[in-house]
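# Structural characterization, general
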Amino acid sequence: MKTNKFLLGLLTAAALLVVGCAVDDTADVTINQGGGSNPTNPTNQVIGGTLTEDLTLVTGTEYNLTSGLIVPDGLTLTIEPGVVVKATTGSDVYVAIQQGGTIMAEGTSSNPIVFTSDSATPNPGDWGGLIVLGRAPLNSVVGGDATSTSEIGGLPYGGSIADDDSGIIRYVRIEYSGGAADAASENNGFSFYAVGSGTTIDFIQAFEGADDGVEFFGGTVNASHISVVGAQDDSVDWTEGFTGTLTDVYIEHRQSHDKGIEGDGFNTDIGNNSNPVFWSAPTINNLTINGLGSSNGNEAIRLRAGTRAIFNNVFIEGFEEGYDLDDEETGNGFSAGDTSVTDITFDDIVLTLKNDTNVAFNADDFFSGIGNGTGTDYDSWNSGWTRN
């Protein structure tokens with residue numbers, strides 16, 4: 001991988017700078033630094049490539065993302081409230097915050113930050129998504145600051161800094177993301193790779209994405225006020241030893257979808273040759289999952305590959321199965337008291353628990369406080385910045 005350098009600054013309207021490939025799947029880009037595709041309109045700017053200095057996207061300017069925008073170690077991408085970034089079509093069009101890089105994306109409820117497709121008729125999978133890579137622990141590699149590499153871009157992530165700080169993401173909406181480079185390399189709306197607990201994630205929405213809405217690959221970050229509407233794969237996904245807390249999560253399925261939540265104790269694409277040093281073990285508070293009705297099949301929540309998880313205050317409606325638990329190690333997590341569901345309500349669910357773990361327990365053992373779950377109070381926090 002080679003490093004390319006260019007100065008992101010204000011040049012004349014006609015000035016063009018051509019830079020080479022920043023990561024192995026980011027195409028060469030032409031950056032018009034003085035007015036984007038419309039040089040007479042300074043409120044429209046083209047962005048992309050690897051930063052060599054801090055960059056601020058300012059309120060009142062529309063930005064066209066034409067390639068991967070890479071924020072390397074030591075640099076900061078700041079995005080002001082109300083900024084709209086429109087991405088051209090392609091799986092290699094994404095924003096990636098590398099280890100040691102920082103994103104300060106602080107929108108407001110009335111002026112959210114929006115990443116979307118530039119297509120006149122946008123569709124799920126038009127572009128990539130937002131990728132944040134930190135130095136927090138994960139279980140797919142062993143030993144101190146050893147790192148893994150991301151599906152998109154082949155960028156390093158992981159380490160031993162539990163409170164690693166990648167910045168702030170607040171009131172940010174990502175639309176029509178999830179473009180796939182190939183069958184094994186897929187973008188999500190938000191991809192959090194070994195992101196540490198020093199990072200702030202609050203009020204985020206993934207809308208109409210082709211792959212997962214929000215996925216956590218290891219890490220310790222906490223996130224709250226998460227909205228995923230219309231994800232075509234899993235709405236919320238975790239793997240590689242994720243141990244953060246998710247609070248106030250709203251999931252709404254549309255015509256094409258997979259599971260509401262898929263939780264893995266380790267990365268099943270890599271495999272588990274021996275027990276991980278630790279399993280994924282997040283806590284989920286105030287969770288609502290709205291499906292399309294029990295006759296449409298599928299499960300709301302699937303736990304597998306040894307994951308542990310604590311669920312508090314859950315409301316699930318419109319699925320054939322509520323919880324589907326796979327493999328013996330996942331069952332061992334429940335037996336050890338590391339997995340539990342407290343205060344849950346089911347509506348239009350055929351089978352509340354499918355136990356495929358070979359560990360003996362039933363729904364009465366697994367659920368506590370059936371009928372007491374209300375889920376998240378979505379109407380109290382979604383106004384003004386989400387899409388329906």
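Given the structure is predicted, the values throughout are model-derived calculations rather than measurements. (Residues numbered from 1 in each chain as written. Predicted model: local features only at pLDDT ≥ 70, side-chain atom pairs only at ≥ 80, totals over all residues. Heavy atoms only, no water.)

Below, the discussion takes up the nonpolar core. Membership of the largest hydrophobic core comes to 70 residues, with the highest contact counts inside it found for Phe190, Phe192, Leu287, Ile301, Phe311, Ile316 and Tyr323. Here Leu287 is in contact with Val249, Ile251, Ile261, Ile301, Phe311, Asn313, Val314, Phe315, Gly375 and Thr376, once residues within four sequence places are set aside. (Core = buried A, V, L, I, M, F, W, Y, C linked by side-chain atoms within 4.5 Å. Buried < 20%, exposed > 50% of the residue type's maximum accessible area, 1.4 Å probe, protein only. Contact = heavy atoms within 4.5 Å.)

This brings us to the pairing of strand β23 (residues 261–264). Of the two faces of β23, both are covered, the one formed by Ile261 and Gly263 as well as the one formed by Glu262 and Asp264. When strand β21 (residues 236–239) meets β23, the two strands line up parallel, connected through three bridges. The residue of β23 that forms the bridge with Trp238 is Gly263. Alignment of β23 against strand β25 (residues 299–304), held across four bridges, turns out to be parallel. Each residue of the ladder has a partner; that of Asp264, found in β25, is Arg304. (Helix = DSSP H or I, 4+ residues; strand = E, 2+ residues; numbered from the N terminus. Pairing = 2+ DSSP bridges.)

Before going further, it helps to spend a moment on the packing of aromatic side chains. Under the criterion given, the structure shown has 23 aromatic pairs. Ring plane angle 10 degrees and centroid distance 4.3 Å describe the contact between Tyr171 and Phe203, whose orientation is recorded as stacked. A residue pair is termed long-range when its members are at least 10 positions apart, and Tyr171 in strand β14 (residues 167–175) and Phe203 in strand β18 (residues 200–207) qualify at 32 residues. The buried category is assigned to Phe203, whose relative accessible area is 12%. Here the aromatic rings of Phe334 and Phe361 are separated by 4.5 Å at their centres, their planes lie at 45 degrees, and the arrangement is tilted. In this pair, Phe334 sits in helix α1 (residues 328–335) while Phe361 sits in the loop between β27 (340–356) and α2 (363–366), placing the two residues 27 residues apart along the sequence. Taking the relative accessible area as the measure of exposure, Phe334 reaches 15% and is therefore buried. (Phe/Tyr/Trp six-rings, centres within 6.5 Å; stacked < 30°, edge-to-face > 60°.)

As a further point, take unusual backbone geometry. The residue Ala194 is not glycine, and still its phi comes out positive at about 50 degrees. Structurally, Ala194 is set in the loop between β17 (190–193) and β18. If you check the backbone angles, Ala305 has positive phi at about 55 degrees while not being a glycine. Secondary-structure assignment places Ala305 in the loop between β25 and β26 (310–326).

Before going further, it helps to spend a moment on the environment of Phe346. Examined against the element boundaries, Phe346 turns out to sit in strand β27. Each C-alpha atom of the pair Phe346 and Ile370 lies 7.9 Å from the other, and the pair is 24 residues apart in sequence.

Buried within α1 are the following residues: Thr330, Gly331, Gly333 and Phe334. The buried residues of α1 occupy an angular sector of 150 degrees when the element is viewed end-on, so they sit on one face. Elements in contact with the buried residues of α1: β25, β26 and α2. A positive backbone phi angle near 85 degrees is found at Gly337, which sits one or two residues after α1. (Arc of directions from axis to C-beta.)

Another aspect to go through is the side chain of Asp237. Positionally, Asp237 belongs in strand β21. Salt bridges are absent for the buried Asp237, whose nearest opposite-charge side chain, Arg304, sits at 6.5 Å. The contacts of Asp237, once residues within four sequence positions are left out, are Asp212, Val214, Glu215, Phe216 and Glu262. (Lys, Arg positive; Asp, Glu negative; His and termini not counted. Salt bridge = Lys/Arg side-chain N within 4 Å of Asp/Glu carboxyl O.)

These results come straight from atomic positions and should not be treated as a statement about function.
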